[in-house]
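# Secondary and tertiary structure notes
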Amino acid sequence: MKIAILSRNRNLYSTRRLIEAAREQGHEVRVIDVLRCYMNIVSNNPTIHYRGETLEKFDAVIPRIGASVTFYGSAVLRQFEIMGVYPLNESVAITRSRDKLRSMQLLSRKGLGLPVTGFANKPDDVKDLIKLVGGAPLVIKLLEGTQGIGVVLAETQKAAESVIEGFMGVKADILIQEYIKEAKGADIRCFVIDGKVVAAMKRQAAPGEFRSNLHRGGSAELIRITPEERSTAVRAARTMGLNVAGVDLLRSNHGPVIMEVNSSPGLQGIEAATGKDVAGMIIKFIGDNARPGKTRTRGKG
Ligand code: ADP
């Protein structure tokens, strides 16, 4: 099979591992920088051009599209889909999962556990907004943030009011969330492939920190998850329409709550913590499922 990996950097751990696994399983693989692709939008025989050449026909495409290039990256992926190339995750599912508000609304519609979350554009009454999520302490998040940047714990009502007013003053989009104190700075990353949790790790925040991101000094270890956590992660991935997803959960005293569903989950942390060949499992899924034109939407979203 010929597989394209959409990645801006072939030296990233996840990209390297996917190349390695694809070759091990006898596939041809090529890394393509999504921002260098250009396309013609035509009704007959659409193509993708890259550094002066017309890209050959691939059987499957693995999108590893960073948050900052979601808009153009998903357009390129959509073009692959229109051309009948099988995507590991579909463009529609990726854009859906990148929109935090939309994701939370979809997950809540399915009755999945979520931290009580509020969002607003220009509330006249910040106090009432805070009351809506149960009051301080609460977590305030910039919608544009990644890797824990722009995630603030406001421990008192006054701090919450000033942070919310401050963010709104600079027109930043935010959401406000119940603080899950009982998670004690830990979260659980469930790696889902094809409706199964194939690996799970617990990330623990550094002392004095509530954010468990590895980029913020958190540490990761193998964890055994409960059946309820397993089914929550699987249902979250299915709700977003993702074949492969990293579902982040917090252990709250009202059961597992979903923080985020990631459509390009990194492989380094999870492979190191669990010792599992997650890249190999992703490539195997592609080998078993990629057929021309076999997408749910064929780029229609
Ligand atoms: P990012 O997408 O930037 O990583 P997250 O929303 O995942 O931001 O938050 C970063 C970290 O902060 C999480 O991994 C978790 O450890 C902690 N965290 C986020 N939201 C909450 C919450 N509502 N209650 C407790 N801890 C939280």
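## Notes on the packing of helix α4 (residues 100-109) against helix α7 (residues 227-240)
Two numbers describe how α4 lies on α7: the axes approach to 10 Å, and their chain directions differ by 120 degrees. Considering the angle they form, α4 stands oblique to α7. The two elements α4 and α7 meet at a crossing, and its hand is right-handed. Packed against α4, whose contacting residues are Ser 103, Leu 106 and Leu 107, the element α7 presents Ala 236, Thr 239 and Met 240 at the interface. Of the residues assigned to the contact of α4 with α7, the class counts are 4 nonpolar, 2 polar and no charged.

## Some details on the sheet that holds strand β4 (residues 48-50)
The 3 strands lie next to each other as β3-β4-β5, forming an open sheet whose pairing is antiparallel. Two strands close off the open sheet at either side, each with one partner strand: β3 (37-39) and β5 (53-54). Relative to β5, β4 runs antiparallel, the two sharing 2 bridges. Note that in β5 the partner of Tyr 50 across the bridge is Glu 53. Set on the sheet, helix α2 (residues 70-82) makes contact with β3 and β4; between it and β3 the angle comes to about 60 degrees.

## Thoughts on the domain arrangement of the chain
Split by domain assignment, the chain resolves into domain 1 (2-88), domain 2 (96-112 + 182-277) and domain 3 (117-179). Relative to domain 2, the C-alpha centre of domain 1 lies at a distance of 26 Å. Both faces considered, domain 1 and domain 2 share a buried interface measuring about 930 Å² in area, 43% of it formed by carbon and sulfur atoms. Considering only the side of domain 1, the residues that lose the most area to domain 2 are Tyr 13, Arg 64 and Leu 88, jointly responsible for 48% of the buried surface there. Seen at the junction of domain 1 and domain 2, the total is 2 salt bridges.

## Section: the site of the ligand
Within the structure, the ligand sits among 19 residues, and Lys 141, Gly 148, Glu 178, Asn 213 and Glu 260 are positioned closest to it. Between the ligand and Ile 180, the relevant distance is 2.9 Å, taken from a nitrogen atom to a main-chain nitrogen or oxygen of the residue. The separation between an oxygen atom of the ligand and a polar main-chain atom of Phe 210 is 3.4 Å. Calculation on the ligand without its partners gives an accessible area of 540 Å², and the protein chains cover 95% of this total.

## Comments concerning the packing of helix α3 (residues 91-98) against α4
Where α3 contacts α4, the axes come no closer than 5 Å and their chain directions differ by 100 degrees. Between α3 and α4, the interaxial angle falls into the category roughly perpendicular. For the pair α3 and α4, the contacting residues are Arg 96, Ser 97 and Arg 98 in the first and Lys 100, Arg 102, Ser 103 and Leu 106 in the second.

## Description of the side chain of Thr 15
Secondary-structure assignment places Thr 15 in helix α1 (residues 13-24). Residue class for Thr 15 comes out buried when judged on its relative accessible area of 1%. In terms of polar contacts, Thr 15 uses its side chain to reach the backbone carbonyl oxygen of Asn 9, at 3.5 Å. Once residues within four sequence positions are removed from consideration, Thr 15 is found in contact with Ile 5, Ser 7, Asn 9, Arg 10 and Val 31.

Rules and cut-offs
Residues numbered from 1 in each chain as written. Predicted model: local features only at pLDDT ≥ 70, side-chain atom pairs only at ≥ 80, totals over all residues. Heavy atoms only, no water. Axes fitted to C-alpha atoms, helices over the stretch in contact; angles between N-to-C directions. Helix = DSSP H or I, 4+ residues; strand = E, 2+ residues; numbered from the N terminus. Parallel < 35°, antiparallel > 145°, perpendicular 65-115°, else oblique. Left-handed = near helix turned anticlockwise from the far one by under 90°. Contact = heavy atoms within 4.5 Å. Nonpolar A, V, L, I, M, F, W, Y, C, P; charged D, E, K, R; others polar. Pairing = 2+ DSSP bridges. Domains from an automatic or database assignment. Buried area = accessible area lost by both parts, 1.4 Å probe. Salt bridge = Lys/Arg side-chain N within 4 Å of Asp/Glu carboxyl O. Near = heavy atom within 4 Å. Polar contact = N/O pair within 3.5 Å; in protein donor to acceptor, adjacent residues only side chain to side chain. Areas by Shrake-Rupley, 256 points an atom, 1.4 Å probe, with all protein chains shown as cover. Buried < 20%, exposed > 50% of the residue type's maximum accessible area, 1.4 Å probe, protein only.

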